[in-house]
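Here is how the chains run, residue by residue.
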Amino acid sequence: MNIELRQLRYFVTVAEELHFGKAAQRLHMTQPPLSQAIAQLEDMLGAPLFDRNRRGVALTPAGGALLPEARRLLAQAQELPALVQRAASGESGRLALAFVSSADYSVLPPFLRAYRAAYPQVQIALQEATSDLQLEDLLRSRIDAGLLIPPLPDKAKSDLDYLPVLKEPLVLAAPLGLITKRGKVALKDLPTLPLIIFPRSISPGLYDAILSVFRAAGLTPAIGQEAIQMQTIVSLVSAGMGIALVPQSVSNLMRPGVEYRALADPTPLVETGLAWRRDNPSPVLQGFLELLRKNIAC
């Protein structure tokens, strides 16, 4: 069965006019080929669509059942050019985006609001993941882009592009009441408590940045706990199990029993950036990158 849109359009016109002559006039054709086209459609469907008698033309039950479906199919076909053009321009489709937990407290929410306003018809699939898992998913084309903490491993640099998005200092997360003086805090003045930190295998860039602050202060921290989520690290600090150095934006994560303090010690800037496959042709991804670059420029 190979029903053509032309046949459905003829059928709907006859159903609306209930007169073959008027329908043919509306379709800018003569009546015989119209009648022939309707007869062919009835043969293909295996049921009469119209009752034809001296009193006029009426829809059969089969014709009445076909009419709303035929209208729906014609309306959908009419929308196809616009649908294709939206997909080709990145205005519709799906974007799979992963992000490290610290991005959820800094760049991710405002940018998602801007992106949703600019591309309301794009479906965004969000996934929180550590940098190492994002790199694996990018290399296997499971996600379109990832907000992660560099550096990219050498094996990934040939396949991925990278755009810096945010640079921020580290701050201290400490159990409430541990620090008695106001203002910035020097690590050497802190009571000895275990350090809560990401495993180096998960985020080597962040791990090394944190330990470099202690080394610069002449200290060697005792690592008490490792955790792979910022929320978990802050919760462990809240429970009094140690201190942590976290990107400044994490101070937006409020937990009872935790205070965030700026460090008197010099700290490296922790970078968050976007990585994506260089060979990903998705128009949705290209629109995402274009808007991200504009937001960074602002």
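In this text the structure is predicted, and so the values were computed from the model without any measurement.

### Considerations on the overall build of the chain
The secondary structure content of the chain amounts to ten helices and twelve strands. Taking 19 Å as the expected radius of gyration for a compact globule of 298 residues, we find that the chain reaches 32 Å, considerably beyond that expectation. Each principal axis of the C-alpha atoms in the chain carries an extent, and together these give about 105 × 40 × 35 Å. Counting all 298 residues of the chain, 44% fall into the buried class. Long-range contacts, defined here as pairs at least 24 residues apart, represent 71% of the contacts in the chain between residues at least 6 apart.

### Some thoughts on the UniProt feature "domain: HTH lysR-type" (unreviewed entry) in the chain
As recorded in UniProt, the sites labelled "domain: HTH lysR-type" (unreviewed entry) are residues 3-60. Taken end to end, residues 3-60 is 60% helix and 14% strand, and its first and last C-alpha atoms sit 19 Å apart.

### Some thoughts on unusual backbone geometry
In this model, Pro150 is joined to Pro151 through a cis peptide bond whose omega is 10°. You can see Pro151 is positioned in the loop between strand 5 (145-148) and helix 7 (154-157). Positive phi, normally seen in glycine, also occurs at His28, with a value near 60°. The topology assignment puts His28 in the loop between helix 2 (20-26) and helix 3 (31-45). With phi around 60°, Ser141 is a residue other than glycine that occupies positive phi space. Mapped onto the elements, Ser141 comes out in the loop between helix 6 (131-139) and strand 5.

### Remarks on the nonpolar core
One finds Tyr115, Leu172, Val246, Tyr260 and Leu274 to be the most contacted residues of the largest nonpolar core, which totals 74 residues. With seven residues, the top contributor of residues to this core is helix 8 (residues 204-216). If sequence neighbours within four positions are ignored, Tyr115 has contacts with Leu95, Val122, Ile124, Val284, Gly287, Phe288 and Leu291. Core analysis: the second largest hydrophobic core is formed by 21 residues, Tyr10, Phe20, Ala23 and Leu27 among them.

### As for the side chain of Thr60
Along the chain, Thr60 turns up in the loop between strand 2 (56-59) and helix 4 (61-88). Ignoring anything within four residues of it in the chain, the contact list for Thr60 reads Pro48, Leu49, Phe50 and Asp51.

### Some remarks on the packing of aromatic side chains
Counting across every chain of the model gives six aromatic pairs. Centre to centre, the rings of Phe11 and Phe50 are 5.5 Å apart; their planes meet at 50°, and the pair counts as tilted. Of the two residues, Phe11 sits in helix 1 (residues 5-17) while Phe50 sits in strand 1 (residues 50-53), which places them 39 residues apart along the sequence. On the accessibility criterion, Phe11 (0% relative accessible area) is buried. Judged by relative accessible area, which is 2%, Phe50 ranks as buried. Cluster of aromatic residues (ring-pair linked, three or more members): Phe111, Tyr115, Tyr119 and Phe288.

### A closer look at the environment of Ile197
Looking at where Ile197 falls in the secondary structure, it is placed in strand 8 (residues 195-197). For Ile197, a relative accessible area of 1% corresponds to the buried category. As for Ile197 and Val258, which are separated by 61 residues in sequence, their C-alpha atoms are 16 Å apart. Not counting residues within four places of it along the chain, the set of residues in contact with Ile197 comprises Tyr207, Ile210, Leu211, Ile223, Gln225, Glu226, Ala227 and Ile233.

### Focus on the sheet that holds strand 4 (residues 121-128)
The strand order 4-3-5-12-6 describes an open sheet built from five strands, whose pairing is mixed. A single partner strand is all that each edge strand has here, and the edge strands are strand 4 and strand 6 (160-168). Across the sheet, the mean angle from the axis of one strand to that of its neighbour is 20°, orientation sign disregarded. Relative to strand 12 (residues 270-277), strand 5 is paired through four bridges, and the arrangement is antiparallel. Counted as the bridge partner of Leu148 is Gly273 from strand 12.

How each quantity is defined
Residues numbered from 1 in each chain as written. Predicted model: local features only at pLDDT ≥ 70, side-chain atom pairs only at ≥ 80, totals over all residues. Heavy atoms only, no water. Helix = DSSP H or I, 4+ residues; strand = E, 2+ residues; numbered from the N terminus. Rg over C-alpha atoms; globule rule 2.2 N^0.38 Å. Buried < 20%, exposed > 50% of the residue type's maximum accessible area, 1.4 Å probe, protein only. Contact = heavy atoms within 4.5 Å. UniProt positions renumbered as here; feature names shortened; annotations may be inferred. Core = buried A, V, L, I, M, F, W, Y, C linked by side-chain atoms within 4.5 Å. Phe/Tyr/Trp six-rings, centres within 6.5 Å; stacked < 30°, edge-to-face > 60°. Pairing = 2+ DSSP bridges. Axes fitted to C-alpha atoms, helices over the stretch in contact; angles between N-to-C directions.

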